[in-house]
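# Survey of secondary and tertiary structure
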Amino acid sequence: MSNSTAAKRYAIALFELAQQKNELRSVEEDLRELKIVWNTNKELNTLFTSPKLSLDKKKELIRQIFTTANPIVINTLLVLIDKKRLGEVGNIINEFMTLSNEAQGVADAKVYSTRALTEEERTNISIAFAKNVGKQSLRIENIVDPSIIGGIRVQIGNRIYDSSLITKLDRLKRNLIG
């Protein structure tokens, strides 16, 4: 079984359990935080994937570190330790987010702008671009990038909508130079 297949199976099981327990939002929030911790703290990642640390010690550490996390998330991590699949955490979270977004009619979007967007601007962007991708709304991650000079660049999955000033200037330059 390939890693992506394993991740998909664990994510489906986790998603179905969260739906059954009516805790989809809570589990999703905890998984988003776990992903940030898992991706930014390489020492933690290395510690939990190390064969030198016993399974019982890993489980004890999970319970200590994630005391406030949803029990479904903690139990999933404990199962992953038992099955020696803790290295799949990032892939499982990504697969879970895909399932959750589909169920809620939401898409993740990165919006690049020269300054932080206001809530009203986020809402307007969500309404305008969600229709383009056939979703009800967008979950926007705003990335401040002064190099775009003005306008915005919206990335939804592998689609990019670019109305930044730097792109328009580059296009004009290409047209003028030939």
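Attention in this report is confined to the structure presented alongside it. Numbering of residues starts from 1 in each chain and follows the order in which that chain's sequence is written. Residue-level local features of this predicted model are given only where pLDDT is at least 70; pairs of side-chain atoms are given and counted only at 80 or more, and the full residue set underlies all totals for whole chains, interfaces and linings. Side-chain descriptors were evaluated using all non-hydrogen atoms of the structure, hydrogens and water having been removed beforehand.

One can find Val27 in helix 2 (residues 24-40). Relative accessibility thresholds used throughout: buried, under 20% of the residue-type maximum; exposed, over 50%; partly exposed, between the two (1.4 Å probe, protein chains only). Judged by its relative accessible area of 0%, Val27 is buried. For Val27 and Ala69, which are 42 residues apart along the polypeptide, the C-alpha to C-alpha distance reads 8.2 Å. We call two residues in contact when some of their heavy atoms are within 4.5 Å. Those residues in contact with Val27 that sit more than four places away from it in its chain are Leu14, Ala18, Asn70, Ile72, Val73 and Phe96. Think of it this way: any DSSP run of H or I at least four residues long counts as a helix, any run of E at least two long counts as a strand, and we number them from the N terminus.

Here we come to the side chain of Thr76. You can see Thr76 is positioned in helix 5 (residues 71-82). Residue class for Thr76 comes out buried when judged on its relative accessible area of 15%. Polar contact is defined as a pair of N or O atoms within 3.5 Å, subject to the rule that within protein one atom must be able to donate a hydrogen and the other to accept it, and that residues adjacent in sequence are counted only when both atoms are side-chain atoms. Within the structure, the side chain of Thr76 is placed 2.7 Å from the backbone oxygen of Ile72, a separation counted as a polar contact.

For side chains bearing opposite charge, pairing can occur when the charged atoms are close. The term salt bridge refers to a pairing of a side-chain nitrogen on Lys or Arg with a carboxyl oxygen on Asp or Glu at a separation within 4 Å. Taken as a whole, this structure holds 10 salt bridges when the rule is applied. Across the pair Arg139 and Glu28 runs a salt bridge, and its minimum N-O distance is 2.8 Å. Here Arg139, found in strand 2 (residues 137-144), pairs with Glu28, found in helix 2; they are 111 residues apart in sequence, far enough to count as distant. The salt bridge involving Arg139 is made with Asp108; its shortest N-O contact spans 3.1 Å. On the criterion of sequence distance, the pair formed by Arg139 in strand 2 and Asp108 in strand 1 (residues 106-113) is long-range, its members being 31 residues apart.

Moving on, we come to the pairing of strand 3 (residues 152-156). Only one face of strand 3 is covered, namely the one carrying Ile152, Val154 and Ile156; the face carrying Arg153 and Gln155 has none of its residues buried. Where strand 1 meets strand 3, 5 bridges bridge the pair, whose relative direction is antiparallel. By the bridge assignment for strand 3, Ser113 is matched with Ile152. Bridge count between strand 3 and strand 4 (residues 159-162): 4 bridges; the pairing is antiparallel. Looking across to strand 4, one finds that Gln155 is bridged to Ile160. Whether two strands pair depends on DSSP finding at least two bridges between them. Once strand 3 ends, the chain turns through 2 residues before running back antiparallel as strand 4, passing Gly157 with a positive phi of about 65 degrees.

Helix span is expected to be 1.5 Å times the residue number reduced by one. Here helix 6 (residues 89-104) spans 22 Å end to end across 16 residues, near enough to the 22 Å set by a 1.5 Å rise per residue. Considered for burial, the residues of helix 6 that qualify are Val89, Gly90, Ile92, Ile93, Phe96, Met97, Ser100, Asn101 and Gln104. The arc that holds every buried residue of helix 6, seen down its axis, measures 165 degrees, which confines them to one face. Of the residues trailing helix 6, Gly105 is marked for its positive phi of about 70 degrees. When we speak of the arc, we mean the arc of directions from the helix axis to the C-beta atoms.

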